[in-house]
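Here are the chains, one letter per residue:
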Amino acid sequence: MADINRRTFLTVSGAVLGGIAAGSTVTAAERTDRFIVETNGTGVPSEVEVVHQLPSVGYAVVTGSESALEQSKKVEGYAADIEVRLDDPDMNTEVPAFDAADYEGQPGDFLQWDKADLNVVEAHETTEGDGSRVAVIDSGVLETHPDLAGPLNLDLSLNFTDDGGDHNPVGGDDHGTHVAGIGAADNGGGIGVNGTAPQTDLVDCRVFSGPFASFADIIAAVVYSATPENEQIIVNGERVTGADADVANLSLGAYPIPRQGLGEFYGSFLNNAMTYANKEGTLLVLSAGNAAADLQQDKNLISLPNEGAQGLTVAATGPIGYGWGDSGFEDPPESPAFYTNYGTNDIVLGAPGGDADLSAIGTGVRWFRDLVFNTVYTHNGSLVAGTFGPEADTYPGDVTAEWSGDYDGNVSVSGTPPATDDDVPWYASVGFGGVRFAVDGEKFTGDEEVTVGYETGPDHERPAPDWLALEVTVPAADNDEPTDYVVLDRQVSEPSGTAVSWTASDSFGDGGGVFQASTVEEIFAEGSGIDPSSPSGSPSDVIGAAVVRNVVVLSGGGVDRDESVDITYTGVNFRDADRLIPQTPSWGWKAGTSMAAPNVAGAAALVKSANSGYNANQVESALKRAADVPDEYDKKFYGSGYLNILDAL
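Residues numbered from 1 in each chain as written. Predicted model: local features only at pLDDT ≥ 70, side-chain atom pairs only at ≥ 80, totals over all residues. Heavy atoms only, no water.

Peer 1: Describe the overall build of the protein, naming the residues involved and giving the relevant values.
Peer 2: Of regular secondary structure, the protein possesses 11 helices and 34 strands. Evaluated residue by residue, the protein yields a buried proportion of 57% over its 649 residues. For the protein, the share of sequence-separated contacts (at least 6 apart) that also reach a separation of at least 24 residues comes to 77%. (Helix = DSSP H or I, 4+ residues; strand = E, 2+ residues; numbered from the N terminus. Buried < 20%, exposed > 50% of the residue type's maximum accessible area, 1.4 Å probe, protein only. Contact = heavy atoms within 4.5 Å.)

Structure below.
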């Protein structure tokens, strides 16, 4: 995504929605580098550059001078584009790594409670979605996933952002891959999962670059999804043929935005696009949001896009107690999820999105099985970031690390390291971020080469990473316990854009050594008793005896170190293997209205497949007629009711 130097965040001070302070979490921000323009049908001013041209809805998205828009007679109105971010329930970050040995890998197996409760296997006796087309407007779909490679239409899949990549995920987020799997996974690898409509034609419309998406890119993707195959629009300055999708899934949103003022402009832009999609036969399936908010009671605020016209908004349900043991459910799959937005006139259907007993997290029970299990990808490495050292509370820093770049992956480290007094040892408070890679545990000789590529930004005061390290273990001898060490070199001095090759026997840099510790962080931990200026071990303690556990590459600092960190690692190679490719196809759990929507989108594809002559309204009507509000539950969580695929068919 293009660099944005200034953002104005759209929040509502002091407002409270459903018990959550609107503005406690930023959900939307104005962009200052481009604009949404309502045209009078004669094009846009020549002084601006067209990003997306959407004549079917009367709008364009442009970059350039705001004054050119103000003065042009071609412009009916305009507003700054806004950014939205993915905002799923917090427990998704607590889900443990998936152990494939525990997975039977059969369609509709016990881990996919959502498919079992929706009778998807039985529905597939009628149709699996062949002849239908579903667009997923999200963070990108990993084309190498074996359960998605079959359904995915690479010719129609597009990147709507300006980051220069293709449709595959950028920034390391597997949200779109999970959403796509819920709707369309086909168990192509033989050990995977099935989606609700595994034979649909899947179109990936990537609108996120990292955690943010442009509202204009989202609407451009809606228009593209609905545009017939014999028509063209301009996307990112290029003419493209329409996707002609039957269904478009939008598991995203911005909330809250003031309903008046600019909210009216954004709402008009959205409504024009959604009305056009409906006219062209594309059913828009929208996630309701995860703020536990009553959308009926927020009269001065608007949630986009789920409060737009012609959309099918989905609330989330989920069980409590699924697969924990033999006691069965505490709450059934159709019970409302604790986080879901709701509202009698805003919700159209309820569908499985996953729930959680937050008090069970960390207790050892399999609480995460109440979330939705489907396609994801894993990172070969784990990110490391934070402030460490015995004075960390007194001298805190703010250093973060995240996956970035194209879908082959980089790691960006940024932030402010701790600023400590001169009379405090530099290691008393150290803020650093980077990446750790698990390796194969071969014997350590000291000559194993680590090659690191990196680029520093303008705010990074020194040209290279602070630490390269190997975390090693000496196996137990006789009755002794294994001993952990870190072999470390710090403050490497090489210019940006080069590749540093390092072995433990090298002497470049300004120090390091062998420390008796299990991880780099332990060296800086309070009470560790380790002085990072004075190694606690020697090469003879580890060379020839230890095995390598992890490779670690970090940047940051403390006293007399950088005032800021701005560095991107573009490669880490160890034993001739690239360790910085973050995306390995896998399976895992997530929850959210983001997961409920594609269950409905897949169901809509099945209905369309079984009734090829249906338009968008008829598909929606079939789903609504088949649904019922579960006994003892409130209509405000369901609208017409809980998704019933068999009756809809």
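Peer 1: Give a description of the packing of aromatic side chains that names residues and reports values.
Peer 2: By the definition in use, this model includes 20 aromatic pairs. Relative to Y427, the ring of W426 lies with its centre 5.8 Å away and its plane at 90 degrees, an arrangement referred to as edge-to-face. Here the two residues W426 and Y427 agree in accessibility, since each one is buried. Relative to W467, the ring of F432 has its centre 5.3 Å away and its plane inclined at 65 degrees; by these criteria the two rings are edge-to-face. Linking F432 in strand β25 (residues 430–438) with W467 in strand β27 (residues 467–474), this pair joins segments that are 35 residues apart in sequence. Each member of the pair, F432 as well as W467, carries the same accessibility label: buried. (Phe/Tyr/Trp six-rings, centres within 6.5 Å; stacked < 30°, edge-to-face > 60°.)

Peer 1: Which residues make up the side chain of T503, and what values do they have?
Peer 2: Looking at where T503 falls in the secondary structure, it is placed in the loop between β29 (499–502) and β30 (512–515). Each residue touching T503, except ones within four places of it in the same chain, is listed here: G446, D447, E448 and E449.

Peer 1: Describe the nonpolar core, with residues and values.
Peer 2: Counting 66 residues, the largest nonpolar core has V600, L623 and L643 as its most contacted members. Beyond its immediate sequence surroundings of up to four residues, L623 is in contact with L312, L349, V600, A603, A604, V607, L643 and A648. With 48 residues, the next largest nonpolar core counts I36, A79, I137 and F160 among its residues. (Core = buried A, V, L, I, M, F, W, Y, C linked by side-chain atoms within 4.5 Å.)

Peer 1: I'd like to hear about unusual backbone geometry, residue by residue, with values.
Peer 2: The backbone of A292 sits at a positive phi, close to 50 degrees, despite the residue not being glycine. Looking at the secondary structure, you find A292 in the loop between β17 (283–287) and β18 (301–304). For A292, a relative accessible area of 21% gives the class partly exposed. At E632, a position not held by glycine, the phi torsion is positive, near 70 degrees. By the element assignment, E632 lies in the loop between α10 (616–626) and α11 (645–648). Residue E632 is classed as exposed on the basis of its relative accessible area, which comes to 83%.

Peer 1: Describe the sheet that holds strand β8 (residues 133–138), listing the residues and the values that go with them.
Peer 2: Pairing is parallel across the open sheet formed by 7 strands, whose spatial order is β9-β10-β8-β15-β17-β19-β20. Since the sheet does not close on itself, it has two edges, and those belong to β9 (158–159) and β20 (349–352), each with one partner. Here strand β19 (residues 311–317) pairs with β20 via 4 bridges, running parallel. Counted as the bridge partner of A315 is G350 from β20. Against the sheet, helix α4 (residues 175–184) makes contact with β8, β10 (201–206) and β15 (247–250), and its axis sits at roughly 160 degrees relative to β8, the strand it touches most. (Pairing = 2+ DSSP bridges. Axes fitted to C-alpha atoms, helices over the stretch in contact; angles between N-to-C directions.)

Peer 1: Describe in detail α10, supporting the description with residues and values.
Peer 2: Listed in full, the buried residues belonging to α10 are A616, V619, E620, A622, L623 and A626. When α10 is viewed along its axis, its buried side chains cluster within an angular range of 155 degrees and face the same direction. The distance from a side-chain oxygen at the start of α10 to the backbone nitrogen of N617 is 3.1 Å, and the residue carrying that oxygen is N615. (Arc of directions from axis to C-beta. Polar contact = N/O pair within 3.5 Å; in protein donor to acceptor, adjacent residues only side chain to side chain.)

Peer 1: Let's hear about the pairing of β15: which residues, and what values?
Peer 2: Residues V247 and N249 point to one face of β15 and A248 and L250 to the other, with burial holding for every one of them. One ladder, built from 4 bridges, connects β8 with β15; its direction is parallel. Counted as the bridge partner of V136 is N249 from β15. Pairing geometry for β15 and β17, over 4 bridges, is parallel. Following the sheet pairing, V247 is matched in β17 by L283.

Peer 1: Explain the pattern of salt bridges to me, using residue names and the numbers behind them.
Peer 2: All chains considered together, the criterion is met by 15 salt bridges. Across the salt bridge formed by D217 and R34, the nearest N and O atoms sit 2.7 Å from each other. You can see D217 sitting in helix α5 (residues 215–226) and its partner R34 sitting in strand β4 (residues 28–39), a full 183 residues away along the chain. Accessibility classification places D217 together with R34 in one group, the buried group. The closest approach of N and O atoms between E471 and R549, which form a salt bridge, is 3.9 Å. In this pair, E471 is assigned in strand β27 and R549 in strand β31 (residues 547–557), connecting sequence segments 78 residues apart. (Salt bridge = Lys/Arg side-chain N within 4 Å of Asp/Glu carboxyl O.)

Peer 1: Summarise the environment of H379; cite the residues concerned and give the values.
Peer 2: Its place among the elements puts H379 in the loop between β21 (372–378) and β22 (381–388). Linking H379 and P582, residues 203 residues apart in sequence, is a C-alpha distance of 4.2 Å.

Peer 1: Before we move on, could you go through the sheet that holds β22 and cite the residues and values that matter?
Peer 2: What the 6 strands build is an open sheet, ordered β22-β25-β31-β27-β28-β30; its pairing is antiparallel. Bordering the open sheet on either side are β22 and β30, each of which pairs with just one other strand. With direction set aside, neighbouring strand axes in the sheet form an average angle of 20 degrees. Alignment of β27 against strand β28 (residues 483–490), held across 8 bridges, turns out to be antiparallel. Across the sheet, residue W467 finds its bridge partner in β28, namely R490.

Peer 1: Tell me about the environment of G353, residues and numbers included.
Peer 2: Of note, G353 is situated in the loop between β20 and β21. For G353 and G318, which are 35 residues apart along the polypeptide, the C-alpha to C-alpha distance reads 6.0 Å. In contact with G353, other than residues within four places in its own chain, are W113, A316, T317, Y339, V372, K590, A591, G592, M595 and A596.

Peer 1: Residue-level account of the environment of F388, with values.
Peer 2: Mapped onto the elements, F388 comes out in strand β22. It is 5.8 Å that separates the C-alpha atoms of F388 and A525, two residues lying 137 residues apart in sequence. Apart from residues no more than four positions distant in its own chain, F388 is found in contact with A428, S429, V430, F432, E521 and F524.

Peer 1: Explain the side chain of S594 to me, and be specific about the residues and the numbers.
Peer 2: On the secondary structure map, S594 appears in helix α9 (residues 593–610). Not counting chain neighbours up to four residues away, the residues in contact with S594 comprise D88, H175, V179, S251 and S287.

Peer 1: Describe the pairing of strand β26 (residues 450–456), with residues and values.
Peer 2: Strand direction decides the pairing type here: β26 and β29, joined by 4 bridges, are antiparallel. If you follow G453 over to β29, its bridge partner there is A499. Two elements, β26 and strand β32 (residues 565–574), share 7 bridges in a ladder whose sense is antiparallel. By the bridge assignment, T456 is partnered in β32 with I567.

Such coordinate-based values are descriptive only and should not be taken to indicate function.
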